[in-house]
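Reading the structure
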Amino acid sequence: MAKKSVPIIDMQDLANVPEKIVKAFEEWGSFRLINHGVPIELMSEMKAVTRSLMDLPMEIKRKNYHPDSGKGEILEKYGLAVYDLAHLIGCKMMEGLGLGGEVFKEWVCQLKMNKYNFAPETVGLTGALIHTDPGFLTILQDDEIVRGLELVDEITGELVSIDPIPGAFVVNLGDVAKVWSNGRFCNVKHRVQCYEPKVRVSIALFVLAPKDVKVEAPPQLVDSDHPRRYIPLDFEDYRKLRSSTQSPIGGALQLFLAKSS
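Residues numbered from 1 in each chain as written. Predicted model: local features only at pLDDT ≥ 70, side-chain atom pairs only at ≥ 80, totals over all residues. Heavy atoms only, no water.

1. Concerning the nonpolar core
Counting 65 residues, the largest nonpolar core has Phe-25, Phe-31, Ile-89, Met-93, Phe-136, Leu-137 and Trp-180 as its most contacted members. A per-element tally of this core places helix H4 (residues 70–96) first, with 8 residues. Beyond its immediate chain neighbours, meaning those up to four positions away, Phe-136 contacts Met-93, Phe-104, Trp-107, Asn-172, Leu-173, Gly-174, Val-176, Ala-177, Trp-180, Val-207 and Leu-208. Of all hydrophobic cores here, the second largest spans 5 residues; its members include Tyr-116, Ala-128, Val-192 and Cys-194. (Core = buried A, V, L, I, M, F, W, Y, C linked by side-chain atoms within 4.5 Å. Buried < 20%, exposed > 50% of the residue type's maximum accessible area, 1.4 Å probe, protein only. Helix = DSSP H or I, 4+ residues; strand = E, 2+ residues; numbered from the N terminus. Contact = heavy atoms within 4.5 Å.)

Right, dumping it as structure tokens:
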């Protein structure tokens, strides 16, 4: 049997991108993205900045300060570039669903940097336990050298290793996407494993939820064959509930099921 793998979507394949994005979101809740328009040089600079920031002494980190002011320029450029990419993915998704307009306008976003100090004694252990992301969409610049990211196949429940592709992003959907899509999209479960004793770095932009507006499925995604599955959800309330009920894989969504579901 051939090894299963997450779809790879080429953003330059303009005619087919909308349909492929929707299909990947329905079947996996994830895909690899290539030819996305974010300069490779900027991605490399951002990875270097991440390593530099993570290696700072704790007393400097607490001051939220870096002695090299140029690092902030790279952070800003990278954040804006990936934010624009998120909007593009959203527009293509809407097109693939047969809907018009923007979806992520004025949504709350968060940029996060991760560093895993894997050592010989941690090989075979888990660096980040299986979880779903609470928000709508995550654009992840994974480590292009050190493997470790694994996704759960929605159908079989098997863990699928995501091999690095230099210059590519991983796009994952979270719990908000499942609610917004009326259950049509997958909120992909994933984890990070230690395969080898090397430092592993990743950078993630989280597109979380609309500001001051509850999340609910657009009326076009609700009909007699697909009744509304979830009641409108306030993201901050949901995130607190996820934490208080210890539901790292989206189990707290059951508390927001509509009565007809």
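2. As for the sheet that holds strand E4 (residues 126–131)
Taken together, 4 strands build an open sheet; the order of strands is E4-E9-E6-E7 and the sheet is antiparallel. Each of the sheet's edge strands pairs with one partner strand only, and the pair in question is E4 and strand E7 (159–161). Along the sheet, successive strands turn relative to each other by an average axial angle of 25 degrees, direction set aside. In terms of strand pairing, E4 meets strand E9 (residues 190–193) through 3 bridges, oriented antiparallel. In the strand pairing of E9, His-131 is matched with His-190. (Pairing = 2+ DSSP bridges. Axes fitted to C-alpha atoms, helices over the stretch in contact; angles between N-to-C directions.)

3. Side note on the environment of Met-94
Here Met-94 shows up in helix H4. For Met-94, a relative accessible area of 6% corresponds to the buried category. Sequence separation of Met-94 and Tyr-83 is 11 residues, and the distance between their C-alpha atoms is 17 Å. Not counting the four nearest positions on each side in its chain, Met-94 is found in contact with Leu-99, Gly-100, Gly-101, Glu-102, Val-103 and Trp-180.

4. Considering the packing of aromatic side chains
If you walk through the whole model with that rule in mind, you get 8 aromatic pairs. Their ring planes at 35 degrees and their centres at 5.4 Å tell us that Phe-25 and Phe-31 sit as a pair that is tilted. Take Phe-25 and Phe-31: they sit in the same class, and that class is buried. Relative to Phe-118, the ring of Tyr-116 has its centre 5.6 Å away and its plane inclined at 25 degrees; by these criteria the two rings are stacked. (Phe/Tyr/Trp six-rings, centres within 6.5 Å; stacked < 30°, edge-to-face > 60°.)

5. Observations regarding the sheet that holds strand E3 (residues 107–117)
Pairing in this open sheet of 6 strands is mixed, and the strands run E1-E2-E8-E5-E10-E3 from one edge to the other. The strands lining the two open edges of the sheet, one partner per strand, are strand E1 (8–10) and E3. With strand direction ignored, the average angle separating the axes of adjacent strands in the sheet is 25 degrees. One ladder, built from 3 bridges, connects E1 with strand E2 (residues 30–34); its direction is parallel. In the strand pairing of E2, Asp-10 is matched with Ile-34.

6. Observations regarding the side chain of Glu-150
With respect to the secondary-structure elements, Glu-150 resides in strand E6 (residues 149–152). A distance of 2.7 Å separates a polar atom in the side chain of Glu-150 from a polar atom in the side chain of Arg-191. Not counting chain neighbours up to four residues away, the residues in contact with Glu-150 comprise Leu-159, Val-160, Ser-161, Lys-189, His-190, Arg-191, Gln-193 and Tyr-195. (Polar contact = N/O pair within 3.5 Å; in protein donor to acceptor, adjacent residues only side chain to side chain.)

7. Points about the pairing of strand E5 (residues 137–141)
Among the 5 residues in E5, 5 count as buried, and that is most of the element. Burial of E5 is two-sided: the residues Leu-137, Ile-139 and Gln-141 facing one way and the residues Thr-138 and Leu-140 facing the other way are all buried. As paired elements, E5 and strand E8 (residues 169–173) share 4 bridges and run antiparallel to each other. Counterpart to Ile-139 in the pairing with E8 is Val-171.

8. Remarks on the environment of Met-43
Here Met-43 lies in helix H2 (residues 40–54). On the accessibility criterion, Met-43 (4% relative accessible area) is buried. Spatially, the C-alpha atoms of Met-43 and Gly-124 are 28 Å apart, while their sequence positions differ by 81 residues. Non-local contacts of Met-43, meaning those with residues more than four positions away in its chain, are made with His-36, Val-38, Tyr-78, Gln-141, Gly-167, Ala-168 and Phe-169.

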